[in-house]
Amino acid sequence: MKNLKKQRRIQVIALAAIALVVATGLIGYAMRDGINYFRSPSQVAETPPPPSEVFRIGGLVEEGSLVRGQGEAVRFSVTDGGATVPVTFTGVLPDLFEENQGMVGTGKYINGVFEASEILAKHDETYMPKEVVDALKAQGVYQEPET
């Protein structure tokens, strides 16, 4: 009787461990498409990601690079002072999107061009996403906003 209880307890623990491993694997599999890593233009230029990878890029919209095309198509370049990456986007840009301002885009890097599916811009005169500030500081280009 004592041996049967011990065996049943071991079976329950083993099943719980297997269920935990399977649940962790399923959660990881489900989240693999929902994680977007941030890269600066310098990081993209150094080691270009594969065309299938969705990631975020951020920096300053390069002055003189903003070109509006047919309909909602827009082309511009994003820079962190060390490298510049061309960006294409089809859609409505945020109201505060303009040259020499911070932006973060989500999309894929295909044939040397970042094809953005989403563009975010600063929401006030002094805000810039932390990732963009860190990338600009690493390049030695960042300037503290005047208060």
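That block above? That's the structure.
Described in the following lines is the structure provided in the data block. (Residues numbered from 1 in each chain as written. Predicted model: local features only at pLDDT ≥ 70, side-chain atom pairs only at ≥ 80, totals over all residues. Heavy atoms only, no water.)

Our next topic: the overall build of the protein chain. Counting its secondary structure elements, the protein chain contains three helices and seven strands. Counting helices and strands in the order they occur from the N terminus, the protein chain gives α-β-α-β-β-β-β-β-β-α. As displayed, the protein chain offers around 10000 Å² of accessible surface, 55% of which is attributable to carbon and sulfur atoms. (Helix = DSSP H or I, 4+ residues; strand = E, 2+ residues; numbered from the N terminus. Areas by Shrake-Rupley, 256 points an atom, 1.4 Å probe, with all protein chains shown as cover.)

Turning our eyes to something else, we now look at the environment of threonine 84. Relative to the elements of secondary structure, threonine 84 occurs in strand 5 (residues 84-90). The partly exposed category is assigned to threonine 84, whose relative accessible area is 36%. Expressed as a C-alpha distance, the spacing of threonine 84 and alanine 45, which sit 39 residues apart in the sequence, is 7.9 Å. Sequence-distant contacts of threonine 84, defined by excluding residues within four places in its chain, comprise Glu62, Ser77, Val78 and Thr79. Separated by 3.4 Å, the side chains of threonine 84 and threonine 79 make a polar contact. (Buried < 20%, exposed > 50% of the residue type's maximum accessible area, 1.4 Å probe, protein only. Contact = heavy atoms within 4.5 Å. Polar contact = N/O pair within 3.5 Å; in protein donor to acceptor, adjacent residues only side chain to side chain.)

It is possible for side chains of opposite charge to pair when their charged atoms get near one another. The full count for this structure, using the stated rule, is one salt bridge. Close ionic contact of arginine 39 with glutamate 53 constitutes a salt bridge, the shortest N to O distance being 2.9 Å. Placement of arginine 39 in strand 1 (residues 37-39) and of glutamate 53 in the loop between helix 2 (41-46) and strand 2 (55-61) is noted, with a sequence separation of 14 residues between them. (Salt bridge = Lys/Arg side-chain N within 4 Å of Asp/Glu carboxyl O.)

Burial within strand 2 is extensive, with six of its seven residues counted as buried. Both strand 1 and strand 2 contribute to a ladder of three bridges, which runs parallel. Across the sheet, residue arginine 39 finds its bridge partner in strand 2, namely isoleucine 57. As paired elements, strand 2 and strand 6 (residues 102-110) share six bridges and run antiparallel to each other. (Pairing = 2+ DSSP bridges.)

Turning our attention to unusual backbone geometry. A positive phi angle, near 65°, is found at asparagine 100, a position not held by glycine. With respect to the element layout, asparagine 100 can be found in the loop between strand 5 and strand 6. Asparagine 100 sits in the partly exposed class, given a relative accessible area of 42%. Here asparagine 111, not a glycine, exhibits a phi torsion of approximately 50°, which is positive. Relative accessible area serves as the criterion here: at 77%, asparagine 111 is assigned to the exposed category.

Once that is clear, we can look at helix 3 (residues 130-139). Every buried residue of helix 3 is listed here: Val132, Val133, Ala135 and Leu136. When helix 3 is viewed along its axis, its buried side chains cluster within an angular range of 165° and face the same direction. Opposite the buried face of helix 3, at more than 90 degrees from it, the exposed residues are Lys130 and Ala138. Considering only its buried residues, helix 3 is in contact with strand 1, strand 2, strand 4 (73-79) and strand 6. Phi turns positive one or two residues past the end of helix 3, at glycine 140, with a value near 75°. (Arc of directions from axis to C-beta.)

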